[in-house]
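Each chain is listed here by its residues.
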4 protein chains.
Amino acid sequence: MSSFGTIFKVTTYGESHCKSVGCIVDGVPPNMSLEEADIQPQLTRRRPGQSKLSTPRNEKDKVEIQSGTEFGKTLGTPIAMIVRNEDHRPKDYSETDVFPRPSHADYTYLKKYGVKASSGGGRSSARETIGRVAAGAIAEKFLAQSHGVEIVAFVSGVGTISIDRDPRSAEFQKLLSTITREQVDSFEPIRCPDSTVSQKMTDLVTQLRDSQDSIGGVVTCVIRNLPIGLGEPAFDKLEAMLAHAMLSIPATKGFEIGSGFEGTKIPGSQHNDPFYAKADGALGTTTNNSGGIQGGISNGEPVYFSVAFKPPATISQSQSTASYEGEDGVLKARGRHDPNVVPRAIPIVEAMAALVCADALLIQKSREYTFGQLS
Amino acid sequence: MSSFGTIFKVTTYGESHCKSVGCIVDGVPPNMSLEEADIQPQLTRRRPGQSKLSTPRNEKDKVEIQSGTEFGKTLGTPIAMIVRNEDHRPKDYSETDVFPRPSHADYTYLKKYGVKASSGGGRSSARETIGRVAAGAIAEKFLAQSHGVEIVAFVSGVGTISIDRDPRSAEFQKLLSTITREQVDSFEPIRCPDSTVSQKMTDLVTQLRDSQDSIGGVVTCVIRNLPIGLGEPAFDKLEAMLAHAMLSIPATKGFEIGSGFEGTKIPGSQHNDPFYAKADGALGTTTNNSGGIQGGISNGEPVYFSVAFKPPATISQSQSTASYEGEDGVLKARGRHDPNVVPRAIPIVEAMAALVCADALLIQKSREYTFGQLS
Amino acid sequence: MSSFGTIFKVTTYGESHCKSVGCIVDGVPPNMSLEEADIQPQLTRRRPGQSKLSTPRNEKDKVEIQSGTEFGKTLGTPIAMIVRNEDHRPKDYSETDVFPRPSHADYTYLKKYGVKASSGGGRSSARETIGRVAAGAIAEKFLAQSHGVEIVAFVSGVGTISIDRDPRSAEFQKLLSTITREQVDSFEPIRCPDSTVSQKMTDLVTQLRDSQDSIGGVVTCVIRNLPIGLGEPAFDKLEAMLAHAMLSIPATKGFEIGSGFEGTKIPGSQHNDPFYAKADGALGTTTNNSGGIQGGISNGEPVYFSVAFKPPATISQSQSTASYEGEDGVLKARGRHDPNVVPRAIPIVEAMAALVCADALLIQKSREYTFGQLS
Amino acid sequence: MSSFGTIFKVTTYGESHCKSVGCIVDGVPPNMSLEEADIQPQLTRRRPGQSKLSTPRNEKDKVEIQSGTEFGKTLGTPIAMIVRNEDHRPKDYSETDVFPRPSHADYTYLKKYGVKASSGGGRSSARETIGRVAAGAIAEKFLAQSHGVEIVAFVSGVGTISIDRDPRSAEFQKLLSTITREQVDSFEPIRCPDSTVSQKMTDLVTQLRDSQDSIGGVVTCVIRNLPIGLGEPAFDKLEAMLAHAMLSIPATKGFEIGSGFEGTKIPGSQHNDPFYAKADGALGTTTNNSGGIQGGISNGEPVYFSVAFKPPATISQSQSTASYEGEDGVLKARGRHDPNVVPRAIPIVEAMAALVCADALLIQKSREYTFGQLS
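So, how was this worked out
Residues numbered from 1 in each chain as written. Chains lettered and ligands numbered in written order. Predicted model: local features only at pLDDT ≥ 70, side-chain atom pairs only at ≥ 80, totals over all residues. Heavy atoms only, no water. UniProt positions renumbered as here; feature names shortened; annotations may be inferred. Pairing = 2+ DSSP bridges. Helix = DSSP H or I, 4+ residues; strand = E, 2+ residues; numbered from the N terminus. Contact = heavy atoms within 4.5 Å. Buried area = accessible area lost by both parts, 1.4 Å probe. Salt bridge = Lys/Arg side-chain N within 4 Å of Asp/Glu carboxyl O. Polar contact = N/O pair within 3.5 Å; in protein donor to acceptor, adjacent residues only side chain to side chain. Expected span 1.5 Å × (residues − 1). Phe/Tyr/Trp six-rings, centres within 6.5 Å; stacked < 30°, edge-to-face > 60°. Buried < 20%, exposed > 50% of the residue type's maximum accessible area, 1.4 Å probe, protein only. Lys NZ or Arg CZ within 6 Å of the ring centre and 35° of its normal. Least-squares fit on C-alpha atoms with pLDDT ≥ 70 in both.

Identification of chain A as Chorismate synthase from Kuraishia capsulata CBS 1993 is taken from an unreviewed UniProt entry. Here is the UniProt Catalytic activity (unreviewed entry) comment for chain A, exactly as written: "5-O-(1-carboxyvinyl)-3-phosphoshikimate = chorismate + phosphate". Turning to chain A, the UniProt annotation filed under Subunit (unreviewed entry) states: "Homotetramer."

### Overview of the sheet that holds strand 10 (residues 217-224) of chain D
Across the sheet, 10 strands lie side by side as 9(C)-8(C)-10(C)-16(C)-11(C)-11(D)-16(D)-10(D)-8(D)-9(D); this open sheet has antiparallel pairing. Each end of this open sheet is capped by a strand with a single partner; those strands are strand 9 (161-162) of chain C together with strand 9 (161-162) of chain D. In the sheet, strand 11 (residues 252-257) of chain C pairs with strand 16 (residues 303-309) of chain C via five bridges, with the strands oriented antiparallel. If you follow Glu256(C) over to strand 16 of chain C, its bridge partner there is Ser306(C).

### Topic: the interface of chain C and chain D
In this assembly, 104 residues from chain C lie in contact with 104 residues from chain D. Carbon and sulfur atoms supply 62% of the area buried between chain C and chain D, which totals about 7,800 Å² over both sides. On the chain C side of the interface with chain D, the three residues burying the most area are Lys112(C), Phe235(C) and Lys253(C), jointly 12% of the side's total. Between chain C and chain D we count two salt bridges in total. For the pair chain C and chain D, the interface holds 50 residue pairs in polar contact (both at pLDDT 80 or more).

### Comments concerning helix 3 (residues 129-147) of chain A
Given a rise of 1.5 Å per residue, 19 residues ought to cover 27 Å, and the 26 Å separating the end C-alpha atoms of helix 3 of chain A matches this to within 8%. Two residues or fewer after helix 3 of chain A comes Gly148(A), characterised by a positive phi angle close to 65°.

### Notes on the packing of aromatic side chains
One pass over the full model with this rule turns up 26 aromatic pairs over all chains. Judged by centre distance (6.4 Å) and plane angle (15°), the ring pair of Phe8(B) and Phe142(B) falls under stacked. Residue Phe8(B) is found in the loop between strand 1 (3-4) and strand 2 (9-13), and its partner Phe142(B) is found in helix 4 (residues 129-147); the two are separated by 134 residues along the sequence. We note that Phe8(B), like Phe142(B), is buried. Across the ring face of Tyr113(A), the terminal group of Lys112(A) is positioned such that the distance to the ring centre comes to 5.9 Å.

### Considerations on the relation of the copies chain C and chain D
The transformation that overlays chain C on chain D combines an axial shift of 0.0 Å with a rotation of 180°, and the residual RMSD is 0.0 Å. What the rotation and shift describe, once combined, is the action of a two-fold rotation axis. The C-alpha atom lying nearest the rotation axis in chain C is that of His244(C); the distance is 2.3 Å.

Okay, structure coming up:
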C-alpha cells in the first residue's frame, strides 16, 4: 500500500497529473528543529532538467510543510508536506491511447484497477517519489542529530561501466568510509565519484541518447555511524527492510547488501569478518563483507548496499508491440526522454535508507530503556 | 518482528534449544483440505542430514497441527503448528563462551538484547525457518488450489560455478517455464538441474569440506500461473515484498528480480518486453526481462528471481578473532559443519515466495469484487 | 498513531494553527464516481456556527481533493484531501500560558511530547476530525454504492434528558429501522429526532450556556444493510473496531453495542435473539439485543451503538486549578464557548462507523471469493 | 485478525476441540525473569469449576512455555505458550446440528467462513481467551517490574445489583485507589468487593441457575501507577485501545472510561478535573472524572473503566427459534451451564488491560529517549 514504517511512518500520495504530490510523516520525534530548508535540497537533487543528459522538463518541486511544526520545531504530531504539480490537468487518453507502453505499468495498472488513468501507470510515475524524498529528509535529519548518522549514495555503474565494487577492495572500502554528498555532486552529471569512470559513463549515456535508446545502472549507498542493535529478527532484519525499501523504488531490479552476489564466490574462511577491539571498547570487524549487519542486526560497521536500476522503459525510438486490443503495431516515438535515471535516483535511495533506519532506531530504543531495570 | 503478511499472515517462534519451534498462520481461507501430509514434505526437504555433503545431524522435524482444521478442512481460523526440538536443553554458555563467532549473530544479539543466549544468535538459528516452511506449505497449497500456481526453486550457482542466468538466454527461459520440483530433487545433493554444472558444484563443495571451509551460492526461483494484478503500489510492490521476504532468510546477501543486475547493462530497446496477444485474449510479453512484474504488479508472465547466500559462517578451521572482552585470540574449530547450505535453502525460498503471493492475492481479491458494481 | 484501517486506510494530519488539515485515504476501490460534492456535505454538517447554540466562529472547511481521481472517478490510488485553516498563524503561548486547562490535553501533550504547542492539546483539537469526516464520506459512498448501506447517527441524550434507548422498546427499534439523515437534521439545532425531547434538550443547553457552563450527551448510530459476515475474530471483532473508532473521537467516554450496559440486567432467556427465516432465505432475528453482531461478526440485522460525550472542557466561567509550575490559581474565563458538542459529533460518528465497515467489508471479500473453489 | 499490539504483540490460536490453545508473544523486553509460575495463577483464576455457581467442567489449563526464555530469563525473542485441550476430538455436528444457538456465533461463523465447525462458533469459544490471559500475565509482570503498575479488576454489577460507580463518589474512588486482587478473590465466588452487594449477587445468580436462566454483569478495572504520557493520538488514544481490547472479549456489550455514560449528565464545571501540585512536582488532579486519561494520553492518575457483559447465551431451558434451514422449532436444553461469567472474566479484563499498557509504554519510550538530544 502507500505507507511504510511502523513507528516512524510515511504515507505518500499523488500521480503525475493530479493537483499535488506529497506525504504525511507520522512518528517524528518532537522538539527537533525543522523547516522547509531542511527538506528542499534533496528534492532539488532529484529534479530532472539539471543537466544536458537528463530530460529538459523543468519542475519546481517546492515543498510546503502543512502541519506538525511550530516556530521551526517539530511537535511530535504528523507532518504533512505537499508539492504542487505544475501541470495537473489529466489528459483523457482513454480513447486515443492504443498501445500500452512496453515494460511500463500501463497494462498492469489497467488490469489491477480496471481504470485507464491519464498517467497510464498511475502511481508508477516518478513523481510518486517526491513524497519519499521529503519524508526521508526528515528521517535523515533525525538520524544525524541523534547519532551523527551519515547516508551517502553514488552511482557505481552505468551499463557495463563500473567502479570496482569487490567487498575485499581496500579502495572501495575506503571510498565507503569517506565519501560525502558534496563529493558525489561534484561529479555532475553522472554522480560517480571517479573521474575516469564518470567520464566513460557520461560518454555512454550521450551515445545512447543520440541513438534514441536508454541504459540502466547501479547505485551504491553507505550508512555510517548507525548505532549497533538495529533491525528486528526474524522477518524485519535490517537488510530485509532495506531490500523492501529499495525494490519499492520504481525501475529497480536488484539489491545487494555487503558482499552481495560476489560474496557467494568467496570461501567462508575469507568471507568471515574477524572481530577486533575498538578504542571505545566495542568490537569492530577487520573486514566488512557482512555490510555492517549480522543476523539482521547492525553491528556498528558501515552498512553498505547496491541497487540495480533497469534502463528507462520510455525511449525515443519506435517499438513493435501489441495494442490494448491485442493487435500488432508500432508504438511511435514521442519527444525526448531521459536515457539514464540513476543520478536522479540517488536522493531517493538515500531517503528510503533513512526511513528504514529511523524506524529501526525508534523500535530498538523502545526495548533498550528497560535494560537493567527488570528483575 | 516475528510476523509477516497483512491478510495471510504468519508469526513464527523458536530458537535452537527451546522446547519447540513453529508458527501461527492467520487468514488462511476456509474450507481447504489440509493435513500434516501437505506440510511435511517441504519440512523434510529442508532437513539436514540428507546427503554426505550436509551436516550429519539427524533431525526429525515432524509437524503437528494444533488448531484451525477439523476433519481435514481449514476452518478459516488461525492454524498453529509445532515441531519439537530434539535437544531442547539450553546450554549455559555465559561463562565458557569467550569468542563471538565471526560473521555470526552472537555479538549483535548480545548488543541488541543484552542477553547471551544458549544458542548465541538466538533467532538467527536455521531452526527458525521451520515455521516459515510449514506456513509456506499452506500458502502454496492455497495458491495451487485456487489458481494452479507453481513455485519451483533450484540452485543456479555455487561459488564461481553457475548455470547461465542471462535473462535473454532462451535455454534459461525454457528452464524457468518447465522445471519441476521432482526434476530439481533428482539432482541430489546439489539440486542444480544441469548434470554437468551440478557435478562441478558437488566437486567444489567436497573440496571445501575437505579443506574445512565453506562456500555460498545462488538460488533461483520461478512462480508460474500467478494471476495478473498482484502487488500493491507504492511501497508494497510485488518485487519489494519478495525482496523483503528473501532478505529475511538467514545468510542471504542479495536479490534480483527478472534481469536483475545484468539488466543494468542492456539498452532499453532490448530490455523492454514487447506485448503480444495470447490465446486467451490477455496480453503477454515476447521476452521477460521484467521478471513477470511491471510497476510492482504481476503481469501474467512467470515471476522469477535469484537470491544470493553467503558461505556458512561456521567453519571447521580455526579463526583469529577477538573475544567478547576485546582480547585477540583464536576461535578453535569444533566438529564438522555444513560447507554449503543452498540446497537446503530451496524449500525456504519457495515458502517465502508462497507467503508473499498468497497475501498479495487476497489483498487484490478484496479490490476486484467491486469491479463494475460501483457507479 | 494517525492511521486507521488495514485495507481501507485513512491517515490524518493537522492541528488548529497549521496551514491545513486533511488526510490520505488508501485502498479506496477504483472506478467509483467521486467528487468534492460527495464529501463537502458531511464537512458542512460538522461545522460550528450553524446555530445560536454553538460557537459563533465561522469556518469554511472547503475540501480540495489532491489526488486519486480523474474525470470524477477513483483510480484505486490514494486520495489526499486538504482543508485550509483560516487562521494558521501559531501563537507563542510558551511564555504567557500559565495554566494547563482542566480536563484538556494541554498537560498530557506537554508531558508526552515535551513541547508546549500553540494549540495546547495539539492533535486533540476538534479540527483533527475534519480529515476523518472527509475520509468517512468516501467510505460511506463506497458502502452505499456496493451494498446500499445506510449509516445514520442522532442525538439520543443531553445531560439527564434522553429518549428511551431500551433495546426491548419497539419504538426505539422502529426508530433505528427508519430514521434518515434528513429527519435528523430537521431537528436543528439539537438533532434529536423527537420534538418533545429535542425541545427539552435545547432548553437545557440554553440554560447551561447562560450559566457559562457546558453539558455532555449521547449519540446513537445505526448501520443498516450491512452484509452478513463482517468483523474479524478474535481481536478485530466488528464491535471492537467500532469501539476503537468511537473512543478515538475527542471527548468520548463510553460505547455500547446493542443492549449495552442495560443488557447486563436482562436474563439470558429474554436477551437471546431467536432466529426466524427471512424472505430471502437467510436467517434473521426476531429481537436485536445483539445489535446486529454475534461472535464479533455482523449478522444482517441493523448494527446500532451509542457513544457517550463528556461536557466540553472549555467553559466560560473561571476555574480554580494549578499552573504548570504547580502554583494554585484561577484560570479566567475567555470568550464564549460551545456548551454542547454532540450535534456536531454526528457526522464524525457516522464517518468513523463508515471507515470501520468499509475496511471490514474489503477484508471479508478477500476471503469469500475462494468459497467453493478449493478442494 | 488474531494479533493485537504493535511492539508488544500477541497472536493467539485455538478453538474448543483442537489439540491445544495458546499464543505467541512478540516484543517482550529481554532479561526479565519469567517462568510458568508467573503465568499460571491468572490462568487458574479464569478456570471454570471453581465454585458451585459456575460450570462443573474441570479443566486443567496448565501452561507450557515453548520458547523465548532460558534459565528463567526472557531472551527478547517471541515467547510461545501452549495449553492442551483435554478433549480435543472434534465432533461431527454437520449432520446432527439442526439449530444455530440463539445469540451464539454458530450462524455468523457459518456465513463468514462457509464451514460448520465442531465448536460452532469456532474462535468465539471461551477457550480462545486462554492465550490472552497467558500473554497478559507477561505484560503485567513487565509493567510491574518496570514501573510498579498494578492492575485490578472486580465485579461491580450483576443484573440490577450494583455497587455505586458514580465517579464523584468518594467511596468508589477510594476503592479504586486501594483494591487488591487478594481482596477481590476473598469475595468468592462473585468477586465483588462488598460483602452485602456480593451476597445479593450470589443470591441472584443462584436463583437464575435454578430457573435455568442466566444473567450478565459489569466488571470494573483500575490501572494504578501508569506513567504519564501513554497513548497515541489521534486514533490510538489510550481509551480507544482499551475499548478495542475490552470489546474484543467474548460477550462484552459496553465500555466506559472514567465518568462514562454518567459523565454525560454532569455539567462541565463539575466534570472538569482541577490540577494541583503533587509532592513529586508533577501535577495531579483533585477529582478523576477523566479516568486518568486526557486527550487520549495517560495523566498519572488511576486509569479506570467498566465493561458490560451480556447474560451467557447458553441456557438450560428450551428456546423457540429457527433451524439452519429456516424451519421454526425448539432448541432443547442440554446439560447445565454457567449462569454468570463475570467473575471468570476478571483475569481476561486484566490481561487485555496489561497488553494495551505494555504496548503503549514501549511505543512511548521509543519517543522519549530523544528528548533534549535533538537541535
